[in-house]
Amino acid sequence: MAYELLVNGSRYEIDAPAGMPLAAALRDRLHLTGTKIGCGSGDCGACTVILDGRAVCSCLVPVCRAAGCAIETIEGVGAGEQLHRLQQSFVDTGALQCGFCTPGMIMAGLALLRRNARPTEQDVVDALAGNICRCTGYRKIIEAVVTAAKPSEVRR
Ligand code: FES
Ligand code: FES
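The sections below set out a description of the structure shown in this document.

Conventions and cut-offs
Residues numbered from 1 in each chain as written. Chains lettered and ligands numbered in written order. Predicted model: local features only at pLDDT ≥ 70, side-chain atom pairs only at ≥ 80, totals over all residues. Heavy atoms only, no water. Buried < 20%, exposed > 50% of the residue type's maximum accessible area, 1.4 Å probe, protein only. Helix = DSSP H or I, 4+ residues; strand = E, 2+ residues; numbered from the N terminus. Pairing = 2+ DSSP bridges. Axes fitted to C-alpha atoms, helices over the stretch in contact; angles between N-to-C directions. Left-handed = near helix turned anticlockwise from the far one by under 90°. Contact = heavy atoms within 4.5 Å. Nonpolar A, V, L, I, M, F, W, Y, C, P; charged D, E, K, R; others polar. Patch = residues over 30% accessible without salt bridge, like charges linked within 9 Å, V, L, I, M, F, W, Y side chains within 5 Å. Areas by Shrake-Rupley, 256 points an atom, 1.4 Å probe, with all protein chains shown as cover. Salt bridge = Lys/Arg side-chain N within 4 Å of Asp/Glu carboxyl O. Polar contact = N/O pair within 3.5 Å; in protein donor to acceptor, adjacent residues only side chain to side chain. Parallel < 35°, antiparallel > 145°, perpendicular 65-115°, else oblique.

**Here's the deal with the pairing of strand β3 (residues 48–51)**
What you see with β3 is no split at all: T48 and I50 on one side and V49 and L51 on the other are buried throughout. In the sheet, β3 pairs with strand β4 (residues 54–57) via four bridges, with the strands oriented antiparallel. Looking at the pairing, I50 lines up with A55 of β4. Here β3 hands over to β4 after two residues, with D52 in that stretch at a positive phi of 45°. Strand direction decides the pairing type here: β3 and strand β5 (residues 70–72), joined by two bridges, are antiparallel. Directly across from I50, in β5, lies its bridge partner E72.

**Description of the packing of helix α4 (residues 102–115) against helix α6 (residues 139–149)**
Where α4 contacts α6, the two axes come as close as 11 Å, and the packing angle between them is 35°. Relative to α6, α4 is oriented so that their crossing is right-handed. Between α4 and α6, the residues in contact are M105, L112 and L113 and I141, V145, A148 and A149, respectively. Looking at the contact of α4 with α6 residue by residue, the class counts come to seven nonpolar, no polar and no charged.

**Observations concerning a nonpolar patch on the surface**
Together, L83, V91 and L96 make up an exposed nonpolar region whose accessible area comes to about 230 Å². Locating V91 in the fold gives a position in helix α3 (residues 85–93). Given the relative accessible area of 48%, V91 is considered partly exposed.

**So, the sheet that holds β4**
In spatial order, the strands read β2-β1-β5-β3-β4; together these five strands make up an open sheet with mixed pairing. A single partner strand is all that each edge strand has here, and the edge strands are β2 (10–15) and β4. Between one strand and the next, the sheet's axes are offset by a mean angle of 40°, whatever the strand orientation. Both strand β1 (residues 2–7) and β2 contribute to a ladder of six bridges, which runs antiparallel.

**Remarks on the side chain of H84**
Structurally, H84 is set in the loop between β5 and α3. On the basis of relative accessibility, which here comes to 13%, the residue H84 falls in the buried class. Polar contacts involving the side chain of H84 include one to the main-chain amide nitrogen of L86, which spans 2.9 Å.

**As for the packing of α3 against α4**
At a minimum axis separation of 10 Å, α3 and α4 run at an interaxial angle of 125°. Of the possible angle classes, the one that applies to α3 and α4 is oblique. α3 and α4 meet at a crossing whose hand is right-handed. Counting all contacts with α3, which are made through R85, L86, Q87 and F90, the residues of α4 involved are T102, M105, I106, G109, L110 and L113. Residues of the contact of α3 with α4, tallied by class, amount to six nonpolar, three polar and one charged.

**Here we look at unusual backbone geometry**
A positive phi angle, close to 45°, is found at D52, a residue other than glycine. Along the chain, the position of D52 falls in the loop between β3 and β4. Phi at Y138 is positive, roughly 75°, even though this residue is not glycine. Tracing the backbone shows Y138 in the loop between α5 (121–127) and α6. Residue Y138 is classed as partly exposed on the basis of its relative accessible area, which comes to 31%.

Structure, rendered in structure tokens:
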């Protein structure tokens, strides 16, 4: 089946089975490999993208349902070489080690910051509850999102 996907503001036509997970379509058809696949069953959050404004596990969304929606992936978060302030905050805070969870954390954090410009630490914990990190112990990740929301830290 042919589907039109709107990803990071660009339209793509892909050929894929209707039930192909969006995560796989992004990676295998569009070569947007920033979106990671960990569990493939909605348990780890590595595949988080923003779909029509909401953070979702793209491994659970069939491509037929994503067609026609606005899809945002980690590749669309920065502006060329310029990191988004949330990405920069992850770097400055030291909130990543192996980096496998990072795209999903960024997308979940970004969705939070859009709906809540001044999240509390608990807001961040709740927003990232579906995202698993094997490396960092979460403290730095939470700090990175909270810090990115502070006016003094805003770079753009
Ligand atoms: Fe989608 Fe783990 S790969 S939640
Ligand atoms: Fe390795 Fe999070 S930095 S899984």
